[in-house]
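So you can see what is in the structure, the chains are spelled out below.
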Amino acid sequence: MPKQRHPTTRLGSVGEKSGARGRKATEERFVFIPQSVCYHDETMKVVPRLPRLSMPVVTLALLLAGHAILLSPALGYVADPEKDLPYLDRLEIFQPGEPSILYSDRDEPFAALASEYRVFVPLQRVPKLVQQALLDAEDAQFYRHGAISLKGMARAAIRNLTSARLKEGGSTITQQLAKSLFLTPERTLSRKLKELQLAQEIERRYSKDKILEMYLNTIYFGGGSYGIEAAARTYFSKSVGQLSLAEAALLAGLPKAPSLYSPFTDPKRAKERRDYVLTRMEKEGHIKAAEAKAAMRLPIALAPFFKGRGMAPSFADFVRKELEPRFGRVLLTRGNLRIYTTLNLETQRTATEALRRGLTEIEKTLAGKRKAGAHEPAVLEGALVALDPESGEIRAMVGGRDYGRSQFNRAVQARRQPGSAFKPFVYAAAFDQGFTPATLMDDYPISYSIPQNGRLVEWSPENFDRQFRGPVTLRRALEESINVPTVRLLERVGVGPVISLAHRMGITSNLRQENALALGVSEVTLLELTSAYGVLANRGVRVPPRGVRRVASPSGDVLEAPNDSGERVLREEVAFQVTSVLQGAVERGTAKRARIPGRAVAAKTGTSQDAADIWLVGYTPRLAAGMWAGFDQPRSLGSHESAGRLAAPIWADFMRRALQELPPETPPIPEGVFTATVNWRTGFPTGPDDPEAITEFFISGDVAEPGEPMSVPSPPATQPLEPLPEPAGQR
């Protein structure tokens, strides 16, 4: 077509209405050229004349959106291009550099360390076939019209009116670019006006090729990928230059509705959309009929780059925060670093499923107990974390029930009362001072004068069942999570030594200097508590939790490779004794619902005041895991609910599946530990005929005779009382 110059007619001018000149002016009046538009691209200096459009068609187009722009000052809205349109060459998405990629413990990519996965690619590196697929699917006349297409808008208006709903928008690629870069997805008149004016300004500033390049690098393709190169990698693990015709057509069909046509979630609908694009390419003459039919016969065959995309968003946030102080945000999001993490994708998947399923079951249980007509407005939340005790490497981290609804990571950010899950630190400190699992401690009523609001008040710890058992062994007290003897034990050992040991084992939160510490009144995070239990699993050696194995540059050079061999913070013999007692808690104590057939697991329940928090933390030699559940705004799950009833099944469900690939293990008995047969209830030596006989473990030098109990007065009869709401530190 010969080059023509557009008339400099002011916006809305009509021109002559008679003869040839009149016909030409009438054609030009519908080119829709505002004064501010001037095409400066060397290859697109003019806009070809559009075909004659009838007045009814134009009217329908204007009803859709276009005509309203002429009246925008009357509507009180005038777009200011200099204010509303940032310089595109300053936009972050067009800066060089790719986001850093997170890899699993098996070197599988699973996430980009950026909120959006974008990889910029110049237009000349995008094959013409791929470009044409996008154009035929979205805007076949892109190089033949200006910022808007009246013909496309009219066609969309007719479809919308005949279908009685908003079915098609008629937007050009330039309009889509304006909307995706600068505007919200809301469907209002003011947004549409702004979209049209910004599209005109984009076409004034940039050539068609540049606009197409920006579009190809900006538009959302689903799966977290923005831009054609990121989409090619996300869906097919290849670069855009390696796409086949069928693959290019599939990607070209996604921008219209990425979630609707996602091949990840609906392969059948994705294939239908792909075949539609192939039909359009054939109709426009860009591929032959035989090529289209051959591509249509192919099934949807994906090769996802991210093996577990979206599976561990809380963990990705955790890694970002861990690395940001050392590498900086820009390098992490634009440095194309290779970050090899400790996450195991299968363990993460298991943790996510177990937690969601378990929380749903808890909700059903609680709903069945609510009064008829009562409504539960709050959403029950939870968190689960698992790590390797020997290396400190985090294998799974679930920070909440739905990351899309709340990005708050309850595994590392929420500090809640652990209840009785804190008790093992009291017993570890006691065993370290020479107490044994067979040592007897009184379970009688006791009270303490404690300061409160400037005066002394009496505090009397209570047991879950409001009964007192008289003298009990420390093993029984921990296995059954009995409060009163635990508080008495803390008093004997000292608050200071317990706090010191807990901090050495990995509790980083502040701990209160009071006897109620024994019942878990000091708030901690799930990660620090699980990591501290890992010390017991790792025979007394502390290895801080970590989510990164190494960081490499784009060329593969290692920039960081953490290597913490750990530090002994607890005698191996003491760690073994505590583990033995916690195994008893699973076999016959409060954690019985955490049993795993064929596995020797050690675990402890924790229920805070009024069951506002429920915990289960436990371990084997190869895996330590902890879970928490409750409401974000603390409130009771039920005055008689406990972690042994609600949390233990979730933990057991996770561990049962997570341990399938690991052989059963039993912690070896350390040197310096000897055994003796004692009565579980009294701690006295006994024979094999005793039905309550157990094998107890003692540390050489701590006792003169195996099972020798403390001298205690004769206990009174057990005193049953009416059950009351569960106090802090209960089961």
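Residues numbered from 1 in each chain as written. Predicted model: local features only at pLDDT ≥ 70, side-chain atom pairs only at ≥ 80, totals over all residues. Heavy atoms only, no water.

1. A word on the sheet that holds strand β1 (residues 101-103)
Strands in a sheet are paired, the pairing made by backbone hydrogen bonds, and the direction either parallel or antiparallel.
Part 1 of the argument: Ordered by their spatial adjacency, five strands build an open sheet running β2-β1-β6-β14-β15, and the pairing between neighbours is mixed. Edge positions in the sheet fall to β2 (109-112) and β15 (558-560), since each of these pairs with one other strand and no more. Neighbour-to-neighbour, the strand axes of this sheet turn through a mean angle of 30°, independent of strand direction.
Part 2 of the argument: With two bridges joining them, strand β14 (residues 548-552) and β15 adopt antiparallel strand pairing. What sits directly across from V551, in β15, is E560. (Pairing = 2+ DSSP bridges. Helix = DSSP H or I, 4+ residues; strand = E, 2+ residues; numbered from the N terminus. Axes fitted to C-alpha atoms, helices over the stretch in contact; angles between N-to-C directions.)

2. Some thoughts on the environment of N409
Part 1 of the argument: Note that N409 resides in the loop between β8 (394-398) and α16 (423-432).
Part 2 of the argument: According to the relative accessible area criterion, N409 is buried, its value standing at 5%.
Part 3 of the argument: Placed 91 residues apart in sequence, N409 and F318 show a C-alpha to C-alpha distance of 8.4 Å.
Part 4 of the argument: If we skip the residues at most four places from it in the chain, N409 touches S314, M397, G399 and A414.
Part 5 of the argument: Within the local environment of N409, its side chain forms a polar contact with the backbone oxygen of S314, the two atoms lying 3.5 Å apart. (Buried < 20%, exposed > 50% of the residue type's maximum accessible area, 1.4 Å probe, protein only. Contact = heavy atoms within 4.5 Å. Polar contact = N/O pair within 3.5 Å; in protein donor to acceptor, adjacent residues only side chain to side chain.)

3. A word on the side chain of Q417
Part 1 of the argument: When you line up the elements, Q417 lands in the loop between β8 and α16.
Part 2 of the argument: Taking relative accessible area as the criterion, Q417 reaches 19% and is therefore assigned buried.
Part 3 of the argument: Setting aside residues no more than four positions away along its own chain, Q417 makes contact with R512, G520, V521, S522, E523, S608, Q609, D613 and W615.

4. Overview of the pairing of β8
Looking along a regular strand, one sees side chains alternate from face to face of the sheet.
Part 1 of the argument: Within β8, five of the five residues are buried, which leaves the element mostly enclosed by the surrounding structure.
Part 2 of the argument: Here strand β7 (residues 381-387) pairs with β8 via four bridges, running antiparallel. Bridge pairing in β8 places L384 opposite V398.

5. Notes on the confidence of the model for the protein
Part 1 of the argument: On average, residues of the protein carry a pLDDT of 83, and 78% of them reach 70 or more.
Part 2 of the argument: Counting contacts from residues 1-79, a segment whose pLDDT is below 50, to residues more than four positions away or on other chains yields 107 contacts.
Part 3 of the argument: In the predicted structure, residues 86-93 sits below a pLDDT of 50 and forms 19 contacts with residues beyond four places in sequence or in another chain. (pLDDT = per-residue confidence, 0-100.)

6. Thoughts on the packing of aromatic side chains
Part 1 of the argument: Counting across every chain of the model gives 15 aromatic pairs.
Part 2 of the argument: Between the aromatic rings of F110 and F315, the centroid separation amounts to 6.4 Å while the plane-to-plane angle is 40°, which identifies the pairing as tilted. Linking F110 in strand β2 with F315 in helix α13 (residues 313-327), this pair joins segments that are 205 residues apart in sequence.
Part 3 of the argument: For F110, a relative accessible area of 1% gives the class buried.
Part 4 of the argument: The ring of F142 has K208 lying over it, and the distance from NZ or CZ to the ring centre is 4.3 Å. (Phe/Tyr/Trp six-rings, centres within 6.5 Å; stacked < 30°, edge-to-face > 60°. Lys NZ or Arg CZ within 6 Å of the ring centre and 35° of its normal.)

7. As for the environment of L380
Part 1 of the argument: Among the secondary structure elements, L380 is positioned in the loop between α15 (345-369) and β7.
Part 2 of the argument: Excluding residues within four positions of it along the chain, L380 makes contact with L359, I362, E363, R401, G630, F631 and L637.

8. A word on empty space enclosed by the protein
Part 1 of the argument: Taken as a whole and judged by the stated rule, the model has three cavities of 30 Å³ or more.
Part 2 of the argument: Considering only enclosed or pocket space, the second largest cavity measures out at about 50 Å³ in volume.
Part 3 of the argument: Every residue along the wall of the second largest cavity is listed here: R599, A600, T620, P621, R622, L659, L662, P663, P664 and E665. (1 Å grid on protein atoms, 1.4 Å probe; cavity = no way out; pocket = protein on both sides within 12 Å on 5 of 7 lines; lining within 4 Å. Points joined across faces, edges and corners; volume = space filled by probe spheres on them.)

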